[in-house]
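Letter by letter, the chains look like this.
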Amino acid sequence: MGILEVQSVNKRFGGLQALDNVNLDVEEGKVHAIIGPNGAGKSTLLNCFVGRLMPDTGTVMFNGKSLLGLKPHEINQAGVSRVFQTPEIFTELTVLENVMIPALAHRDGAFKLNPWARMRSEGGIKDLAEHTLEDVGMAEKRHMTASSMSRGDKRRLELAMGLVQEPKLLLLDEPTAGMARADTENTINLLKHIGETRGITKIIIEHDMEVVFSLADKISVLVQGHVIVEDKPENIKGNPKVQEAYLGGAHE
Amino acid sequence: MFGLDTKDTRLFFFVAVLVAFAPFLMNPFPTESGLAQFNGGYPDLMQRFVIFGIFAIGFNILFGLTGYLSFGHAAFLGTGSYAAVWMLKLLTINVIPAIVISTLVAGVMALAIGFISLRRSGIYFSILTLAFAQMAFALAASVLTPITGGETGLQTALNDPRILDFRAEGGNIPAPSLFGLEMRASYEWLVGGWSFTFNVGYYISGLFMLAALYVAIRIFRSPFGLMLKAIKTNQNRLNYTGVSTRPYTLTAFVISGMYAGLAGGLMAAMDPLAGAERMQWTASGEVVLMTILGGAGTLLGPILGAGFIKYFENIFSKINDSILHSWFSFLPEGLENVMVTILHPFVGKGWHLTLGILFMLVVIFLPGGLMEGMQRIGKMFSRKKKSDETDGKATVPAE
Ligand SMILES: Nc1ncnc2c1ncn2[C@@H]1O[C@H](COP(=O)(O)OP(=O)(O)O)[C@@H](O)[C@H]1O
Ligand SMILES: [Mg+2]
């Protein structure tokens, strides 16, 4: 049984069938990639996992429990963290604070009444956040305001915010989009490295085929809201359906 | 010190010194000089500085940290005042129970109003708080007259029960006191042409303001405070980060409501009188102005803003045409009249015009309020200093 089991998920936006009977079986400790052309419904699918959208029909089971109907913070507390496609960060706060917040939420739970505690005494959380920033290569920028970061740095910060929670399941929505080539490679290495040492299950949405084929244990190809193939990377490349629908089609 | 870092300790002592020496600082002009009307060092006004300082510090914990703009905080101020007067009537003329109860009652009320209002954010939240406050105002002025004294207001009377006090026959209505030390008691010190007034009520309120500031600093520097700041920048993201934001905003709302209740209680302790007008929407708007004018989200800003507005309200509103004439009497008669006519709309009853213009100037040119202005001046000085020093050492940015 997979850590995340998605069955017959449908989602309509008016006349648009954004998700069409989607099934997904993500194995624990593995990297599951979702690829597909722009507008295929990849982000919409992740939205159904984290409580941003409610599917019209279907089930989403995480560790044997349904995620549907839970609030976003409950889903996160259950161990699912998401790295957003368009950076969603705390722009007015420092880079370090941006990472300490998810770390605190992970340690203290959804709410902790501690107005009398001091951030100065949170050495453990600070160390953890600083280490994570080091991992993504942003340690020297930790005291800068998040809004002053470049687009690529914001993506890396997003990644750190997800990683610092050591989730059971990490949802990565195009984590390398907008990054320079060198940063992309670093990010791939980082994701591989984390996969090995911490055993975090990952769902990664990615456009860059190189990234996908070097990371993924399994790939689902989503086209117009429908999973046309789910298979191992080596079988995906040669699959005629995929070639026709995606790889052979318009290059973006 | 006291669990604060060096910078915050310095800030705290800076405010403590200001509070302690305000009777001097606010009375810089000799009593007989023409500028004496700019002296703000009389007990009534100084009490208002620190009491509204408390109100604004508390408001800033909600608005400055979380960004939730309440337009109904005067409801808690007014409720605090009513609760305090009732304690002075029923329990004892000692101000301590009055102040404690007013804070608690306002806290309970904030819990109820916040619980409902915080279901919405942005303008809808503001409107909900405004609606609640106007409801409270209307009730206090009419239906609840047996409790609030209606239009005339609530005050202490000679035949109040005051079950904890020993009662002498006859005499006057007792004045609120702290174990016998009357709030209205003052010591006046005359030196040269100057006169300085040291008032018991002012110093007691001042101590409460320092305590209120200390608590605010602790909240600002706590993980709880960091979550509140995160709510202001991106509440949505915080939800996806595993944080349930509603309990955080509700706690901030209750804390700021308690600050307002404390301020209302102190007002009643200084002058045992409470009226519905304290709950009116203009009073709610005033604390918004104070906080924004001084600098929302800063520790010192709300205190500055409160002092600034209360000073203007009391000093500018007292300048009348005859005072203006006396200022410009050195000019030829025609010119004197022209000057008085020009300035007339800005003083006396027109002080709101002056305040409005100042507020607009601050918001347009100093979006961070007076605090931003002070920081800019500070930077100008430090830049001058730096260019004076010839060694090229890199300065480490302060935390
Ligand atoms: N909240 C929404 N309301 C209406 N249409 C939406 C919404 N979210 C996504 N869509 C539409 O659903 C389709 C899939 O979008 P998305 O999941 O973002 O694609 P992808 O991430 O695969 O590029 C697109 O046509 C998009 O316009
Ligand atoms: Mg997308």
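Quantities reported herein were computed from a predicted structural model and do not represent experimental measurements.

Draft legend 1. A positive patch on the surface, seen in detail. There is a patch of like positive charges on the surface, built from A:K71, B:R119, B:R120 and B:R246. In this structure, B:R246 sits in helix 9 (residues 245-270).

Draft legend 2. Fine view of the side chain of B:T103. Residues and elements named next belong to chain B. Its location among the elements puts T103 in helix 4 (residues 95-117). Under the relative-accessibility criterion, T103 is labelled buried at 15%. In terms of polar contacts, T103 uses its side chain to reach the backbone carbonyl oxygen of I99, at 2.7 Å.

Draft legend 3. The nonpolar core, seen in detail. Residue and element names in this part refer to chain A. Residues L133 and L157 are the most contacted members of the largest nonpolar core, which totals 162 residues. Looking at which domains feed residues into this core, each of domain 1 (1-79 + 167-176 + 200-252) and domain 2 (87-165) supplies at least three. Apart from the residues within four sequence positions on either side, L133 is in contact with V95, L96, V99, M138, A139, R142, L157 and A160.

Draft legend 4. The arrangement of the packing of helix 7 (residues 200-220) of chain B against helix 9 of chain B in detail. Residues and elements named next belong to chain B. It is the contact of helix 7 with helix 9, at a shortest axis distance of 11 Å, that shows an interaxial angle of 175°. By the angle class used here, helix 7 and helix 9 are roughly antiparallel. Across the interface between the two elements, G201, S205, F208, A212, V215, A216 and I219 from helix 7 touch I255, Y259, L262, L266 and M270 from helix 9. Here the residues of the contact of helix 7 with helix 9 are counted per class, giving 10 nonpolar, 2 polar and no charged.

Draft legend 5. A look at the site of ligand 1. Residue and element names in this part refer to chain A. Close to ligand 1 lie F13, L16, A18, N38, G39, A40, G41, K42, S43 and T44, which account for all nearby residues. Note that an oxygen atom of ligand 1 is positioned 3.2 Å from one of the backbone N or O atoms of A40. The protein chains hide 59% of the 560 Å² of surface that ligand 1 would expose on its own. No other element matches helix 1 (residues 42-50), which puts 3 residues into the shell around ligand 1.

Draft legend 6. Looking closely at the coordination of the magnesium ion (ligand 2). All names here are of chain A. Binding of the magnesium ion (ligand 2) to the protein goes through S43 (OG) and Q85 (OE1), at separations of 2.0 to 2.3 Å. Of this pair, S43 sits in helix 1 while Q85 is found in the loop between strand 6 (80-83) and helix 3 (95-108), placing the two residues 42 residues apart along the sequence. Q85 sits in the partly exposed class, given a relative accessible area of 27%.

Draft legend 7. The arrangement of the packing of aromatic side chains in detail. Taken as a whole and assessed by the stated rule, the structure comprises 21 aromatic pairs over all chains. Look at B:F76 and B:F253: their rings are 5.7 Å apart centre to centre, the planes differ by 90°, and that puts the pair in the edge-to-face class. In this pair, B:F76 is assigned in helix 3 (residues 74-90) and B:F253 in helix 9, connecting sequence segments 177 residues apart. B:F253 carries the same exposure label as B:F76, and that label is buried. Relative to B:Y248, the ring of B:F224 lies with its centre 5.6 Å away and its plane at 35°, an arrangement referred to as tilted. Residue B:F224 is found in helix 8 (residues 223-240), and its partner B:Y248 is found in helix 9; the two are separated by 24 residues along the sequence. As far as the burial class goes, B:F224 and B:Y248 line up, both buried. The side chain of A:K237 reaches across the aromatic face of A:F213, ending 4.6 Å from its centre.

Draft legend 8. Layout of helix 10 (residues 281-294) of chain B. All names here are of chain B. Its 14 residues give helix 10 an end-to-end C-alpha distance of 20 Å, which sits within 8% of 20 Å, the value for a rise of 1.5 Å per residue. With 10 of 14 residues buried, helix 10 is to be regarded as a mostly interior element. Three or more residues of helix 10 are buried, namely A283, S284, G285, E286, V287, V288, M290, T291, L293 and G294. Looking one or two residues beyond helix 10, the residue adopting positive phi is G295, at roughly 130°.

Cut-offs and rules
- Residues numbered from 1 in each chain as written.
- Chains lettered and ligands numbered in written order.
- Predicted model: local features only at pLDDT ≥ 70, side-chain atom pairs only at ≥ 80, totals over all residues.
- Heavy atoms only, no water.
- Patch = residues over 30% accessible without salt bridge, like charges linked within 9 Å, V, L, I, M, F, W, Y side chains within 5 Å.
- Areas by Shrake-Rupley, 256 points an atom, 1.4 Å probe, with all protein chains shown as cover.
- Salt bridge = Lys/Arg side-chain N within 4 Å of Asp/Glu carboxyl O.
- Lys, Arg positive; Asp, Glu negative; His and termini not counted.
- Charge placed at Lys NZ, Arg CZ, Asp CG, Glu CD.
- Helix = DSSP H or I, 4+ residues; strand = E, 2+ residues; numbered from the N terminus.
- Buried < 20%, exposed > 50% of the residue type's maximum accessible area, 1.4 Å probe, protein only.
- Polar contact = N/O pair within 3.5 Å; in protein donor to acceptor, adjacent residues only side chain to side chain.
- Core = buried A, V, L, I, M, F, W, Y, C linked by side-chain atoms within 4.5 Å.
- Domains from an automatic or database assignment.
- Contact = heavy atoms within 4.5 Å.
- Axes fitted to C-alpha atoms, helices over the stretch in contact; angles between N-to-C directions.
- Parallel < 35°, antiparallel > 145°, perpendicular 65-115°, else oblique.
- Nonpolar A, V, L, I, M, F, W, Y, C, P; charged D, E, K, R; others polar.
- Near = heavy atom within 4 Å.
- Donors = N, O, S within 2.8 Å, 3.2 Å for Na, K, Ca; no water.
- Phe/Tyr/Trp six-rings, centres within 6.5 Å; stacked < 30°, edge-to-face > 60°.
- Lys NZ or Arg CZ within 6 Å of the ring centre and 35° of its normal.
- Expected span 1.5 Å × (residues − 1).

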